[in-house]
Amino acid sequence: LIQILSIMQWYHFAYMIISIALLGFGAAGSLVSIFRQRLLDAYEFVLPLLMVLSGVSMACAVSVINIPRVMFDSFLLFSDYNHILKLIVTYLLLFIPFFLGALAIGMSFVKYVNSIGVLYFSNLLGSGLGGLTAIILMWFFHPQQLPLLISIIPLIASLLVLDKRYIALSLLIIVIISIQSIDADRLNGSEFKSINKSKKLPLAKIINEKNSPHGFLQVLESPGLRYAPGLSLKYTKEIKSNKVVFNNGDWYGPIIPYTISDECILNYTTMALPYIMKQSESVLIINPGTGVNIIHALKNSIKDVTIVESNKASLLFMRENFGGETGYIFNNPNIKIHNCDPRVYLSKNSRPFDLIVLPIIGSFGGTGGINAIQENYLLTIESLNHMWSKLSDHGFIAITTWLDYPVRYPLKVLSI
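These figures come from a predicted structure and were not determined experimentally. (Residues numbered from 1 in each chain as written. Predicted model: local features only at pLDDT ≥ 70, side-chain atom pairs only at ≥ 80, totals over all residues. Heavy atoms only, no water.)

Caption draft 1: Geometry of the sheet that holds strand 5 (residues 282-286). What the 5 strands build is an open sheet, ordered 7-6-5-8-9; its pairing is parallel. One side of each edge strand has no neighbouring strand; the edge strands of this open sheet are strand 7 (335-338) and strand 9 (391-398). On average, each strand axis in the sheet is inclined to that of its neighbour by 15°, with strand direction left out of account. Judged from the 4 bridges that link them, strand 6 (residues 304-308) and strand 7 form a sheet pairing that is parallel. Across the sheet, the residue bridging to V308 is H338, located in strand 7. Across the sheet, helix 11 (residues 292-299) lies against strand 5, strand 6, strand 7 and strand 8 (353-357), angled at about 170° from strand 6, the strand it touches most. Against the sheet, helix 15 (residues 381-389) contacts strand 5, strand 8 and strand 9, and its axis sits at roughly 140° relative to strand 9. (Pairing = 2+ DSSP bridges. Helix = DSSP H or I, 4+ residues; strand = E, 2+ residues; numbered from the N terminus. Axes fitted to C-alpha atoms, helices over the stretch in contact; angles between N-to-C directions. Contact = heavy atoms within 4.5 Å.)

Dropping the structure here:
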């Protein structure tokens, strides 16, 4: 659900999902406490019913909140009050599976209190295995398919305790949900998501996708796309990029063809400054995304390039799908690639670098509203201390930000 709301809205709705889960379990616990005896008297009938309803509600909840008439848009909450009602409806629909599932668990705890140690161990083990299973499934299935697939688990559990007369009905529900999961409707993202704006460009189309726990990667192609961040007017050649990668519907980076003869457009931007000031021998590029900063380093005759990328899916995606374009650099044996968190790498690595390049901060047109709360753990005092200690005697840390009005990001960076 966290990934689904990251695609439909923004990633910080993780907090809302956690609160919904806690509310569902808390409300179920309260109900068990108040109506304990009544629930225990009807245990044999209620338990399988709760399991079936929990599975069905899991399968249906995401499909319902994906309907345009029901789906809320966080950008419109303060201008169109209908979206506040839609937000409440979304919250309640996602609450139901947690409440029903937790009620079944709570009833079992109370019914078999003498075996609570075994039950509680099994519950925690199941939770851990469920988390691992979800991560594995994220590599192989589209996000909209996951709730349908996971809903089969409580339905299978119901078969273990159902009266034989109702097993056929539960099996029928499992078959229907399984068929539905194969062709589940695509998630509708907010109209303000980057990818939805780009889809309105002429001849825009999605040409590639990859599922992963790191996000849902999509490549959009359009002849109207150009990547020219703060490009100087002195650059008069053709800008060739027409593909862009989005992660959960948000801008991730452009696909720029890498050829020996072409000049890198970043040499006509402020990002060229560290390469002009001093010829670096070794460069560390942190979270390069689609590899634009790597191409920039190679075009400035850097022989020793080290990449630290925390998104494993991004590395695999670029290697597998763009071998003739940017992917070439991710397969280059002369480039050292480390798939780990940048701060972990900095804390363990002892070698010095002449230049450390960070990804661009902010977004085109400035960052405001919801995006203003986005955290960046590369820009803490501790992180910059790590980078500073890994510089050679005349080394640089290159930090680039988009312009914002009034100016905020450059002042924050200078302050740190």
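Caption draft 2: Structural detail: a nonpolar patch on the surface. Residues Y81, I84, I88 and L92 make up a contiguous nonpolar surface patch of about 420 Å² in total accessible area. With respect to the element layout, Y81 can be found in the loop between helix 4 (43-65) and helix 5 (82-111). Look at Y81 and you get exposed, because its relative accessible area is 61%. (Patch = residues over 30% accessible without salt bridge, like charges linked within 9 Å, V, L, I, M, F, W, Y side chains within 5 Å. Areas by Shrake-Rupley, 256 points an atom, 1.4 Å probe, with all protein chains shown as cover. Salt bridge = Lys/Arg side-chain N within 4 Å of Asp/Glu carboxyl O. Buried < 20%, exposed > 50% of the residue type's maximum accessible area, 1.4 Å probe, protein only.)

Caption draft 3: View of the packing of aromatic side chains. Inspection of every chain in the model, using the stated rule, returns 7 aromatic pairs. With centroids separated by 5.5 Å and ring planes inclined at 25°, the aromatic side chains of F95 and F99 adopt a geometry described as stacked. Within this pair, F95 and its partner F99 are both found in helix 5, separated by 4 residues, close to a single helical turn. Under the relative-accessibility criterion, F95 is labelled buried at 16%. A relative accessible area of 19% places F99 in the buried class. Over the ring of Y409 we find K412, and its NZ or CZ is 5.3 Å from the ring centre. (Phe/Tyr/Trp six-rings, centres within 6.5 Å; stacked < 30°, edge-to-face > 60°. Lys NZ or Arg CZ within 6 Å of the ring centre and 35° of its normal.)

Caption draft 4: Quick peek at the sheet that holds strand 3 (residues 243-247). Within the open sheet, the 4 strands sit side by side as 1-2-3-4. Their pairing is antiparallel. Because the sheet does not close on itself, it has two edges, and the strands there are strand 1 (205-210) and strand 4 (250-255). If you compare each strand with its neighbour and ignore which way they point, the axes differ by 25° on average. Alignment of strand 3 against strand 4, held across 5 bridges, turns out to be antiparallel. Across the sheet, N247 pairs through a bridge with D250, a residue of strand 4.

Caption draft 5: Structural context of the side chain of S314. Here S314 is to be found in helix 12 (residues 312-321). Side-chain polar atoms of S314 contact the backbone oxygen of G289, separated by 3.5 Å. If near-sequence neighbours (up to four positions away) are discounted, S314 is found in contact with L217, Y252 and G289. (Polar contact = N/O pair within 3.5 Å; in protein donor to acceptor, adjacent residues only side chain to side chain.)

Caption draft 6: Molecular detail of the confidence of the model for the protein. The pLDDT averaged across the protein works out to 86; a share of 93% of its residues lies at or above 70. The least confident element of the protein, judged by mean pLDDT, is helix 13 (residues 327-330) at 63; the most confident is strand 8 at 95. (pLDDT = per-residue confidence, 0-100.)

Caption draft 7: Seen up close, the nonpolar core. Among the nonpolar cores identified, the biggest contains 34 residues, and I294, V305 and I329 are the most heavily contacted of them. If you list the elements that add at least two residues to this core, you get strand 2 (217-221), strand 5, helix 11, strand 6, helix 12, helix 13 and strand 8. The element contributing the most residues to this core is helix 11, with 5 residues. Counting residues in each nonpolar core, the second largest holds 33 residues, with L5, I7, F13 and F95 among its members. (Core = buried A, V, L, I, M, F, W, Y, C linked by side-chain atoms within 4.5 Å.)

Caption draft 8: Representation of the pairing of strand 1 in the model. Sheet topology note: the strand 1/strand 2 ladder contains 5 bridges and is antiparallel. Bridge pairing links E209 to Q218 in strand 2. In textbook terms, the turn of a hairpin is the stretch between consecutive antiparallel strands, and for strand 1 and strand 2 this stretch comprises 6 residues, one of which, G215, has a positive phi near 135°.

Caption draft 9: Structural view of the environment of L162. If you trace the backbone, L162 turns up in the loop between helix 7 (146-161) and helix 8 (164-182). Overall, L162 belongs to the buried group, its relative accessible area being 16%. Between the C-alpha atom of L162 and that of M51, which follows or precedes it by 111 residues, the distance is 9.8 Å. Residues contacting L162, with those up to four places away along its chain left out, are P48, I167 and S170.

Caption draft 10: Fine view of unusual backbone geometry. Cis geometry is adopted by the peptide bond preceding P406, which originates at Y405 and carries an omega value of -10°. In this structure, P406 sits in the loop between strand 9 and helix 16 (409-415). A positive phi angle is found at N248, which is not glycine, with a value near 55°. Its location among the elements puts N248 in the loop between strand 3 and strand 4. By relative accessible area, N248 is classed as buried at 11%. With a phi angle near 45°, N287 is a residue other than glycine that sits in the positive phi range.

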